[in-house]
Amino acid sequence: MKVLANDGISKSGINALVKAGYEVITTTVAQEQLANYINENSITVLLVRSATTVRKDLIDACPTLKIIGRGGVGMDNIDVEYAREKGLHVINTPAASSHSVAELVFGHFYGLARFLHNSNRDMPLEGDTNFKGLKKAYAKGVELKGKTLGVLGFGRIGQATAKVALGAGMKVIAFDPFLEKANLELEFFDGQKVNFEIETITKEEVLKQADFITLHVPSQKDYVIDEAEFNIMKDGVILANAARGGVVNEVALVKAIESGKVAGAALDVFEKEPKPEIQLLMNASLSLTPHTGAATNEAQDRIGTELASQIVSILG
């Protein structure tokens, strides 16, 4: 049987599938040519990440498909219910990239708190001519220890991010409409473990109390953070969105930065991917990455092997 990993798959994932007797194809086929390619090559399993979409027309056009797999968490690029109605298995890897996303969020938070995103740009340009000026400009950083992190969306990734925060000495508060509390187990290098029970509170209370806010929610019809939400937040708050483009109103975010309500924000996802608005790209108060939350070697290894094990267990 043939597996088409259209958006790539880790070497460990390929090895696991080949060992189980599958042929793995890693050619990237253009979206408009995908149906023909799948049919001509009798593809049984289609694996995608965020680049390839699997809609009703593709599902209908490809009778050889038995499994659609998403390397990652969100499956908004797949018509999941329709595929399942048609008898296909739809799988994903919800746990594999949680810690990678959490570390990226904190990379951004530490960078914003100490102006690293700007000083890294300014030092090569002015470090030899304006060292004292830059030192003064970036001298009012803040520590994360002792601050309050607000987590909106307390699923796997939200909880992984909360664990990093607890390890950094932060207080964690969280909102999730589907969860009353969560037990977080922090594991340390020497085998010691510490447990924290976090009870969720209202979204409004999270917004009021948090010094740092991170979003880990799925795509939805309305903005999760809009002008009304910014108005509730503390002055000087720092925000991160490594969830989905479109859950934060980017126009309202820029206004909140201009007013001083938001001191800085991190965006790994954008409403208009892959062409984010130029006013975001040029804003000195934003720390930006090109949707790389899950893009670590470790996460990709976990994603590949997890997909492979699910495929083998379904198809034998």
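So, here is what we can say about the structure in this document. Only a predicted model underlies this, so the values are computations on that prediction, with no experimental measurement involved.

1. Topic: the overall build of the protein chain
Consideration 1: When you go through the protein chain residue by residue, the secondary structure sums to 13 helices and 13 strands.
Consideration 2: Scaling as 2.2 N^0.38, a compact globule of 316 residues should have a C-alpha radius of gyration of about 20 Å, and the protein chain matches this with 22 Å.
Consideration 3: In terms of overall dimensions, the protein chain has C-alpha extents of about 65 × 45 × 40 Å along its principal axes.
Consideration 4: Residues classed as buried in the protein chain amount to 47% of the 316 residues present.
Consideration 5: Summarising the internal contacts of the protein chain: among those between residues at least 6 apart in sequence, 59% fall at separations of at least 24.

2. Let's talk about the sheet that holds strand 3 (residues 43–48)
Consideration 1: In spatial order, the strands read 2-1-3-4-5; together these five strands make up an open sheet with parallel pairing. Of all the strands in the sheet, just strand 2 (23–25) and strand 5 (89–92) have a single pairing partner and so form its edges. Within this sheet the neighbouring strands show an average axis-to-axis angle of 20°, counted without direction.
Consideration 2: Relative to strand 4 (residues 67–70), strand 3 runs parallel, the two being bridged by four bridges. Counterpart to V45 in the pairing with strand 4 is I67.
Consideration 3: Against the sheet, helix 13 (residues 297–315) engages strand 3, strand 4 and strand 5, with an angle of about 155° to strand 5.

3. Thoughts on the packing of aromatic side chains
Consideration 1: A complete count under the given rule lists four aromatic pairs for this structure.
Consideration 2: When the centroid spacing of 5.5 Å and the interplanar angle of 85° are considered together, the rings of F106 and F109 count as edge-to-face. Of this pair, F106 and F109 are both found in helix 5 (residues 98–113), three residues apart, which corresponds to roughly one turn of the helix. As far as the burial class goes, F106 and F109 line up, both buried.
Consideration 3: Consider the rings of F109 and F212, whose centres lie 5.1 Å apart with planes at 70°: the pair is edge-to-face. With F109 in helix 5 and F212 in strand 10 (residues 212–215), this pair connects stretches of sequence that are 103 residues apart. Accessibility classification places F109 together with F212 in one group, the buried group.

Here is what the cut-offs are and how they apply
- Residues numbered from 1 in each chain as written.
- Predicted model: local features only at pLDDT ≥ 70, side-chain atom pairs only at ≥ 80, totals over all residues.
- Heavy atoms only, no water.
- Helix = DSSP H or I, 4+ residues; strand = E, 2+ residues; numbered from the N terminus.
- Rg over C-alpha atoms; globule rule 2.2 N^0.38 Å.
- Buried < 20%, exposed > 50% of the residue type's maximum accessible area, 1.4 Å probe, protein only.
- Contact = heavy atoms within 4.5 Å.
- Pairing = 2+ DSSP bridges.
- Axes fitted to C-alpha atoms, helices over the stretch in contact; angles between N-to-C directions.
- Phe/Tyr/Trp six-rings, centres within 6.5 Å; stacked < 30°, edge-to-face > 60°.

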